[in-house]
Amino acid sequence: MKRIGLFCGLLMLSFQLFAEGYQVNLQGNRQTGMGHTGAGLIMGASSMHFNPGALSLMDKKYDFSLGGSFIFSKNTFHKQSPSMYEAKSDNPMGTPFYFYGATKINDKLAAGLAVTTPYGNSLNWGDDWDGKYLIQDISLRAIFIQPTIAYKITDKLGLGVGFMAVNGDVDLNKALPAQSADGVASVNISGNTWAFGFNAGLSFQANEQLSFGLSYRSKVMVELDEGDADFTVPPSLGGLYPDTKFQSELPMPANITFGVGYQVNEKLLLAVDLQYVEWSAYESLNFDFEAETVPDSHNQRDFENTMIYRLGAEYTLNEKFQFRGGVYYDSTPIPEDLLTPETPGTNKIGMSLGCGYHINDKLSLDASLLYIHGTKREDGYAPTNFYGTYYSNAVIPGIGINYSF
Amino acid sequence: MMKKNIYQYMLLAMVVLLAACEPKVDDFNPSKGTADFTKFIAIGDSYTAGYTDGALGLRGQQESFSYILGQQLMYVGNESYHQPLVQAEGSVGTTVIDAQGTLNGYFELKVTERGLSPVPSVGNVAILAEDAYDEDNQNFGVPGAKVTHLVAAGYAQANPFFARFASSDVTHVLGDAATANPTFFSCWLAGNDVLSFALAGGVGGIGNGVTDITDAATFESALAAVLNTLTAKGAKGVVGNIPDVSSIPFFTTVPYNAFVIDAATAAALNAKYADYNAAAESVGLPQMVFAEGPNAFVIYDESIPAQLGHRRQATAEDRLLLTAQSEALSWGPTSDPILGNEFVLTKDELSMISTATNQFNAISKELADGFGLAFFDANALMKELSTKGIIIDGHHYTGTFVTGGIFSLDGIHATGRGSAIIANAMIDAINDTYGSTVPRANINDYDMVKFP
């Protein structure tokens, strides 16, 4: 495991630059401990996110899982050479969470509800940093509420589908290039809305040792029709920049994940996932303001589809303890010259550790620790000519509780 | 065995984790290349001095290009940047703003009856009487100075801005600058050699008068003298050239046809110029025609025959000065609406300016190359700004008056940000020439025009 992990690490480091958008893959602490693999595994209620097909193959009557993570992320920006300028973001702690509850209605049919937060972004560069005209701070959050139903076609094959109701919330601040004696002008953009999508999955238990899974999560286009734009401008410009409404939309891209699980022996489980993220749905970020005097804002994004490679392992020490480890490589969807400080993506290497503890045969705890290393990326956003080298990393502890019977 | 590997892997991961809680950042190391930046001085005109918003004051001195350059050069060895700082409150310019002869101070953008407009504050003449001489001075920028003035002994007696910090009233600017023993200098001082003529609306000719265009041979020998003296002890430096008037808002803001009148005024003017039109037709010159709405201004033009009153309507080939705006607004019902010579650059005058600018810029480039100095192409920079603009760090800068971000409220001198952009262009030229890596200034740290 160690050799494989290191080898992959080195291989990935030698890749050329590029990052991972605003996706948050922390939807189960057992999976997170294993490099967030899971599409090819049968993991009870949490399968609703990873592969709803696997839900029908769960072995308990009732299964509940609740957990969350604490994202401590850091971004550093060093301005394009020659420059002494360096900025460090002061990101608020991100707190993605999940809840899964599922039950077997009969031998063939299982149903459940998943509440997850697979997309989000939380970044604060400060009001007066050098990229303030691009972004000062942003908070992006999406909560997915997903009723799911799964059907066991044969003892080996399960199919599941879920309906996703998504609550999207955005709040961002950026400075505007106008000054008064009181300081720089700025705008606050905020909004909250609902959007919908679906997911589906097939799970196949080939034999005692080998399982396969294929999972699809649809794109969800979060369309904001009545967002609020609040301008803080010098009084003499107040007539041109009144507080107004705006329209905008942001895609939560589709995911196709193929996974394999391999039970090497009684003690050791290995998992591999290939997650394809259709980031090309994110072509531009546009704000169309209702007030005619406020110019609309059109910002090129042109993200590219990406693949995430995941490897995970779980070692069962005894009836009480399980230890987990994993690595993944997440390539960036952001093309050259379109890298913004609002989503300073880069190719990322994730390394995770985890453990599970069975308090009794119904109740268990999972803890995970994920370290994400963003490879340094020297790039920028051509339309506003803001270039430099971005560095990032994140330490993400997480904890979850499971109850099944 | 598997268990042991997992522990090792965990240990490894923990070590990586602890070591990397802060992203590791590559440091940028400034270097001086083949130049010696130990003692930097700046010699030149109002830009170098820190003149902005129509006046000289402490605020402008602390955001001039020379100050910003001096600060950035400290990363590569420059030890200080001492300036003859204004000690009194406020600022002072050279425009008389009332019947008592009061001089202007900084222009301020204010909401007036006609909308947002730059309004001069009252200047503080005490600034002109200050004694700011200090042997440590490193800023030898003199508002109003032409290149020929820098080598003119006794210039302090003619220019109070130099008298403020001159070592004596018989010295010249170059002499004082040389005494500072620079190892590195900026020399951007050529603006007034054409600008003085242009700012006066083209009153004057080629010569040494205040509003004349400097003769090319005189320009060359004066600039050569400056560079020769400053490089005599091995100093290196950067030389700037002259931006064309077509890229400076003072000459581009007021359209030739911004004379807006009602139908009655148009009819009256048409009647008034009926005789003119008959005479003009007989000598083959264009007639004057007025209609309700925007019209071409009537301007003074020396070349129009006296029988036609040396006047004609402006065309797109003429340039009106920024001052034409307030002049036109001062016209009452009984005024003769004509823009005098001092408000207009005619096609012929523009041609003289353009010829001289090209000559001077060729001379500057040749001398800079000859002395092995870095060359700052101010003309190219301003042209780019005034045409497509320049996008820097999230903002699109243009040469537009008030809102463009570069030019201050006098329409000629730079804002803090404009100064930083100039300083960075000089830094790029310096790095190119001397193989140094002087860090650029952060444009967004400096001020633009402040809105009320």
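Everything numeric in this text was worked out from a predicted model, so none of it was measured. (Residues numbered from 1 in each chain as written. Chains lettered and ligands numbered in written order. Predicted model: local features only at pLDDT ≥ 70, side-chain atom pairs only at ≥ 80, totals over all residues. Heavy atoms only, no water.)

1. Quick word on the domain arrangement of chain B
Residues and elements named next belong to chain B.
Line of reasoning, step 1. What the domain assignment reports for chain B is domain 1 (40–244 + 348–445) and domain 2 (259–346).
Line of reasoning, step 2. Summarising the inter-unit geometry, the C-alpha centres of domain 1 and domain 2 are found 35 Å apart.
Line of reasoning, step 3. Between domain 1 and domain 2, the residue contacts involve 14 residues of the former and 11 residues of the latter.
Line of reasoning, step 4. For the domain 1 and domain 2 pair, buried surface summed over both sides reaches about 910 Å², with 62% attributable to carbon and sulfur atoms.
Line of reasoning, step 5. Between the two partners, domain 1 and domain 2, sit 0 salt bridges.
Line of reasoning, step 6. If you look at where domain 1 meets domain 2, you find 3 residue pairs in polar contact (both at pLDDT 80 or more).
Line of reasoning, step 7. Secondary-structure elements contributing two or more residues to the side of domain 1 that touches domain 2 are helix 8 (192–199) and helix 13 (347–370). (Domains from an automatic or database assignment. Contact = heavy atoms within 4.5 Å. Buried area = accessible area lost by both parts, 1.4 Å probe. Salt bridge = Lys/Arg side-chain N within 4 Å of Asp/Glu carboxyl O. Polar contact = N/O pair within 3.5 Å; in protein donor to acceptor, adjacent residues only side chain to side chain. Helix = DSSP H or I, 4+ residues; strand = E, 2+ residues; numbered from the N terminus.)

2. Side note on the interface of chain B and chain A
Line of reasoning, step 1. Between chain B and chain A, the residue contacts involve 44 residues of the former and 48 residues of the latter.
Line of reasoning, step 2. Taken over both partners, the interface formed by chain B and chain A buries close to 4,100 Å², and the fraction arising from carbon and sulfur atoms is 62%.
Line of reasoning, step 3. On inspection of chain B and its partner chain A, the count reaches 2 salt bridges.
Line of reasoning, step 4. Between B:Asp393 and A:Lys79 there is a salt bridge, with its nearest N and O atoms 2.5 Å apart.
Line of reasoning, step 5. Between the two partners, chain B and chain A, sit 15 residue pairs in polar contact (both at pLDDT 80 or more).
Line of reasoning, step 6. Looking at the side of chain B that touches chain A, the elements that each hand over two or more residues are helix 1 (2–19), strand 16 (390–392), helix 15 (416–434) and strand 18 (450–451) of chain B.
Line of reasoning, step 7. Among the elements that make up the side of chain B that touches chain A, the one with the highest residue count is helix 1 of chain B (12 residues).
Line of reasoning, step 8. Here the side of chain B that touches chain A is composed, by residue class, of 27 nonpolar, 8 polar and 9 charged.
Line of reasoning, step 9. Taken together, the 2 bridges between strand 7 (residues 157–180) of chain A and strand 18 of chain B define a ladder with parallel strand orientation. (Nonpolar A, V, L, I, M, F, W, Y, C, P; charged D, E, K, R; others polar. Pairing = 2+ DSSP bridges.)

3. Section: the packing of helix 9 (residues 216–231) of chain B against helix 13 of chain B
All names here are of chain B.
Line of reasoning, step 1. Look at helix 9 against helix 13: their axes get within 10 Å of each other, and the N-to-C directions meet at 30°. Taken together, the axis directions place helix 9 and helix 13 in an arrangement best described as roughly parallel. In terms of crossing hand, the pair formed by helix 9 and helix 13 is right-handed. Between helix 9 and helix 13, the residues in contact are Ala 216, Phe 219, Glu 220, Leu 223, Ala 224 and Leu 227 and Gln 359, Phe 360, Ile 363, Ser 364 and Leu 367, respectively.
Line of reasoning, step 2. Residue classes in the contact of helix 9 with helix 13 are distributed as 8 nonpolar, 2 polar and 1 charged. (Axes fitted to C-alpha atoms, helices over the stretch in contact; angles between N-to-C directions. Parallel < 35°, antiparallel > 145°, perpendicular 65-115°, else oblique. Left-handed = near helix turned anticlockwise from the far one by under 90°.)

4. Considering unusual backbone geometry
Residues and elements named next belong to chain A.
Line of reasoning, step 1. Along the chain, Ser 81 connects to Pro 82 via a cis peptide bond; the corresponding omega equals 0°.
Line of reasoning, step 2. In this fold, Pro 82 is placed in the loop between strand 2 (72–79) and strand 3 (86–88).
Line of reasoning, step 3. Look at His 36: it is not a glycine, yet its phi comes out positive at around 60°.
Line of reasoning, step 4. Tracing the chain through its elements places His 36 in the loop between helix 2 (29–33) and helix 3 (47–50).

5. A closer look at the pairing of strand 17 (residues 321–330) of chain A
All names here are of chain A.
Line of reasoning, step 1. Counting buried positions along strand 17 yields 9 of 10 residues, so the element is predominantly enclosed.
Line of reasoning, step 2. When strand 16 (residues 306–316) meets strand 17, the two strands line up antiparallel, connected through 9 bridges. When the sheet's bridge partners are listed, Ala 313 is paired in strand 17 with Gly 325.
Line of reasoning, step 3. Connecting strand 16 to the next strand, strand 17, in antiparallel fashion are 4 residues. (Buried < 20%, exposed > 50% of the residue type's maximum accessible area, 1.4 Å probe, protein only.)

6. Focus on the nonpolar core
Residues and elements named next belong to chain B.
Line of reasoning, step 1. Counting 190 residues, the largest nonpolar core has Ile 43 and Ile 422 as the members making the most contacts within it.
Line of reasoning, step 2. It is helix 15 that contributes the most residues to this core, 9 residues altogether.
Line of reasoning, step 3. Looking at which domains feed residues into this core, each of domain 1 (40–244 + 348–445) and domain 2 (259–346) gives three or more.
Line of reasoning, step 4. When neighbours within four sequence positions are excluded, Ile 43 is seen to be in contact with Thr 48, Phe 140, Leu 150, Val 173, Leu 174, Ala 177, Ser 186, Cys 187, Trp 188, Leu 189, Val 226 and Leu 230. (Core = buried A, V, L, I, M, F, W, Y, C linked by side-chain atoms within 4.5 Å.)

7. Focus: the environment of B:Leu116
Line of reasoning, step 1. One can find B:Leu116 in strand 5 (residues 115–122).
Line of reasoning, step 2. Note on B:Leu116: relative accessible area 35%, which makes it partly exposed.
Line of reasoning, step 3. Distance from B:Leu116 to B:Ile299, taken between C-alpha atoms, is 26 Å for residues 183 residues apart in sequence.
Line of reasoning, step 4. Excluding residues that lie within four positions of it along the chain, B:Leu116 makes contacts with A:Ser236, A:Leu237, B:Leu109, B:Lys110, B:Val111, B:Phe451 and B:Pro452.

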